[in-house]
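# Summary of the model geometry
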Amino acid sequence: MANIIEVKDLVKKFGDFVAVKDVTFSVEEGGIFAFLGPNGAGKSTTIKMLTTLLRPTSGLVRINGYDPLTHPDAARHSFGIVFQDPSLDEDLTALENLELHGALYNVPKNILKARIDELLTLVELSDRRNDFVRDFSGGMKRRLEIARGLLHHPKIIFLDEPTLGLDPQTRNHLWSYVQKLNADEGITVFFTTHYMEEADRIAKNIAIIDHGVIIAQGSSGELQKQTDTKTLEEAFLKLTGNAIRDEVASSSDKMRTHSQRWRGGRR
Amino acid sequence: MKAIYIMWLREVKRFVRSKSRIVGALGQPLLFLVALGYGLGPVFAKAGQGNYLEFIAPGIIGMTIIFTAIFNGMQVIWDRQFGFLKETMVAPVSRLSIMFGRTLGGATVSTLQGVLVLILATVAGFRPVSLSGIFPAFIIMLLIALLFSALGIMVASLLKDMQGFQLIMNFLVMPLVFLSGAFFPLNNVPAALLAVARFDPLSYGIDALRYFLIGAATFPLVLDISVLVAITAIFLWLGSYFFSKIEV
């Protein structure tokens, strides 16, 4: 089958900090792809480059055949995304957030209404639809965010740690809905997670990134075979080491302030 | 079109719902109207310039519009910090229409605020020279509002966080207001001050407002409107350029 996401020699530098060193992978159409890595490995930076939010320093990206750099709108038409951090308008109600998304993605009115009902039921927010998002708990915001990301059925859906902070019930609901979308509509799923059992259960293909480089690729079984381990978690730890990545996280914070200062100075 | 409408609707909804913001934004104009209008009124009259309250009412309407419009534009920074900006940046609509919708929304809101101040001024004793001037005055208010909404979004696109806000207020907005002739007639000021005021787009906006509301103006009306339209077009263009370059 054809590859719907194509990434080759992708590099992103912030000043002299290299967040993504050299990333190459592809995702085939209709696949479920897990993108794993420790904190600060370059996952979110890569996703931002795939979804037109960041300009790569160098390298090639194709989303549904389009270059996000030269054809951003065509690329944006092809995907939906659930961000890792919040992106709701807290001064609007849950329903208004969904309607706004529907309008931006040009979902026809009759379909929109049915989908909103379906998704609000899925994330169990039906009775809170007219409440302001600012009054929601963290978990509720997360659920609404997921509902919104699935609202228009795109060709590719990016889920950046979608299940972070959700209870097992909601997690299971979410994944079965995503699997159903994948099976029924052939939507390609690209997700990141820290729960290895999710990746093991859901993903057909896995790539592991560390220090801005892809260090292993394949199905869960292949990765376990490669590393001579019995679970995906063991394989992941063997590949990325046991060290906790506080160091990396703080240096990426430094990178952020550094890049801010640099940009500030330039202007 | 849908995207422009929905972004416009968002701005209007947020404004109508924040009662405290509406009332809060009326406090300052009221203070200026009462303190300056009545306080400096006698001096102004003695200098043979007429009724000061009538004179500054259009200036204070202009001031309210620029404050509201710039503040509204700066919400791009809040949206960046609270993450909502990303949602609009990955949407498959041109950033031009996102920026346009936001600008129109900000302009609508600022014009409404300007109308509220006009009503407030009427309560305080201001009388427009003729009723037929009120409608064209709305159009001028909308033009001023568009111009500074676009400027606000442009500035906000260049800033990373709210720390720069104070800087913008003190070194951009305040000078624009105080050098625009909002509070004093530009007819007899020193040449240097007049020269500066001529570079301030708000001068032309307030001048045109005065033309329609009190029937007196410094510049020809055609010049006022041409400058407003031209600068609005430039700021819209620049604003959408910088907005489209935002990386989240």
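Cut-offs used in this document
- Residues numbered from 1 in each chain as written.
- Chains lettered and ligands numbered in written order.
- Predicted model: local features only at pLDDT ≥ 70, side-chain atom pairs only at ≥ 80, totals over all residues.
- Helix = DSSP H or I, 4+ residues; strand = E, 2+ residues; numbered from the N terminus.
- Rg over C-alpha atoms; globule rule 2.2 N^0.38 Å.
- Buried ≥ 20, exposed ≤ 12 C-beta atoms within 10 Å, placed from the backbone.
- Contact = placed C-beta atoms within 7 Å.
- Axes fitted to C-alpha atoms, helices over the stretch in contact; angles between N-to-C directions.
- Parallel < 35°, antiparallel > 145°, perpendicular 65-115°, else oblique.
- Left-handed = near helix turned anticlockwise from the far one by under 90°.
- Nonpolar A, V, L, I, M, F, W, Y, C, P; charged D, E, K, R; others polar.
- Pairing = 2+ DSSP bridges.
- Expected span 1.5 Å × (residues − 1).
- pLDDT = per-residue confidence, 0-100.
- Core = buried A, V, L, I, M, F, W, Y, C linked by C-beta atoms within 7 Å.

### As for the overall build of chain B
The secondary structure content of chain B amounts to 12 helices and 0 strands. For chain B, the succession of helices and strands along the chain, N to C, is α-α-α-α-α-α-α-α-α-α-α-α. The C-alpha radius of gyration computed for chain B amounts to 18 Å, which stays within 12% of the reference 18 Å derived for 248 residues, consistent with globular compactness. Projected onto its principal axes, the C-alpha coordinates of chain B cover approximately 60 × 35 × 35 Å. The 248 residues of chain B split such that 50% are buried. Across chain B, every contact between residues at least 6 apart in sequence was considered, and the portion connecting residues at least 24 apart equals 84%.

### Notes on the overall build of chain A
Across its full length, chain A carries 10 helices and 9 strands. Against the globule reference of 18 Å for 267 residues, chain A gives a C-alpha radius of gyration of 19 Å, in line with a compact fold. Seen through its principal axes, chain A has C-alpha atoms that stretch 55 × 45 × 35 Å. Taking contacts inside chain A between residues at least 6 apart in sequence as the whole, the part at least 24 apart equals 69%.

### Considering the packing of helix α4 (residues 52–73) of chain B against helix α11 (residues 201–213) of chain B
All names here are of chain B. Two numbers describe how α4 lies on α11: the axes approach to 9 Å, and their chain directions differ by 135 degrees. It follows that α4 is oblique to α11 by the angle criterion. For the pair α4 and α11, the crossing hand works out as right-handed. Residues Ala57, Pro58, Gly59, Ile61, Gly62 and Ile66 of α4 form the contact with α11, whose participating residues are Leu202, Gly205, Ile206, Leu209, Arg210 and Leu213. The residue inventory of the contact of α4 with α11, partitioned by class, reads 8 nonpolar, 3 polar and 1 charged.

### Overview of the environment of B:Leu209
Residues and elements named next belong to chain B. With respect to the helices and strands, Leu209 occurs in helix α11. Taking the number of C-beta atoms within 10 Å as the measure of exposure, Leu209 has 28 and is therefore buried. Separated by 37 residues in sequence, Leu209 and Leu172 have C-alpha atoms that sit 21 Å apart. Discounting chain neighbours no more than four positions away, the residues touching Leu209 are Pro58, Ile61, Gly62, Ala137 and Ile140.

### Regarding the packing of helix α8 (residues 134–158) of chain B against helix α12 (residues 221–244) of chain B
How two helices sit against one another is set out by the angle between their axes and by the gap between those axes. All names here are of chain B. Close contact between α8 and α12 brings their axes to 8 Å; oriented N to C, the two are set at 25 degrees. As the angle between them shows, α8 and α12 are arranged roughly parallel. Considering the relative orientation of α8 and α12, their crossing is left-handed. Two secondary-structure elements touch here, α8 through Leu143, Ile144, Leu146, Leu147, Ala150, Leu151, Ile153, Met154, Ser157 and Leu158 and α12 through Leu228, Val229, Ile231, Thr232, Phe235, Leu236, Leu238, Gly239, Phe242 and Phe243. Counted by class, the contact of α8 with α12 contains 17 nonpolar, 3 polar and no charged residues.

### Some details on unusual backbone geometry
Residue and element names in this part refer to chain A. Positive phi, normally seen in glycine, also occurs at Asp9, with a value near 50 degrees. Summarising the element assignment, Asp9 is placed in strand β1 (residues 3–14). Unusually for a residue other than glycine, Asp228 sits at a positive phi of about 60 degrees.

### Topic: the pairing of strand β3 (residues 32–36) of chain A
Two faces make up the sheet, and in a regular strand the side chains alternate between them. Residues and elements named next belong to chain A. Within β3, 5 of the 5 residues are buried, leaving the element largely enclosed by the surrounding structure. By the alternation rule, side chains of β3 split into Ile32, Ala34 and Leu36 and Phe33 and Phe35, which are all buried. By the bridge criterion, 3 bridges tie β3 to strand β7 (residues 188–192) in an arrangement that is parallel. Paired with Phe33 across the bridge in β7 is Phe190. Two elements, β3 and strand β8 (residues 205–210), share 4 bridges in a ladder whose sense is parallel. Residue Ala34 lies in a different strand from β8, and its bridge partner there is Ile206.

### Overview of helix α2 (residues 19–39) of chain B
All names here are of chain B. For α2, built from 21 residues, the straight-helix expectation of 30 Å at 1.5 Å per residue is met to within 8% by its first-to-last C-alpha distance of 29 Å. Considered for burial, the residues of α2 that qualify are Ala25, Pro29, Phe32, Leu33 and Gly37. Check the buried side of α2 and you find it contacts α3 (41–46), α4 and α7 (95–124).

### Section: the confidence of the model for chain B
In the predicted model, chain B carries a mean pLDDT of 93, and the fraction of residues at 70 or more is 100%. Among the prediction metrics, the complex's ipTM stands at 0.88, with pTM recorded as 0.87.

### Thoughts on the nonpolar core
Residues and elements named next belong to chain B. Core analysis: the biggest nonpolar cluster contains 144 residues, and Ile60, Ile66, Ile144 and Leu147 have the highest contact counts within it. Examining the composition of this core, we find that 15 residues originate from one element, α8, more than from any other. Beyond its immediate stretch of four places on either side in the chain, Leu147 contacts Pro201, Leu228, Ile231, Thr232 and Phe235.

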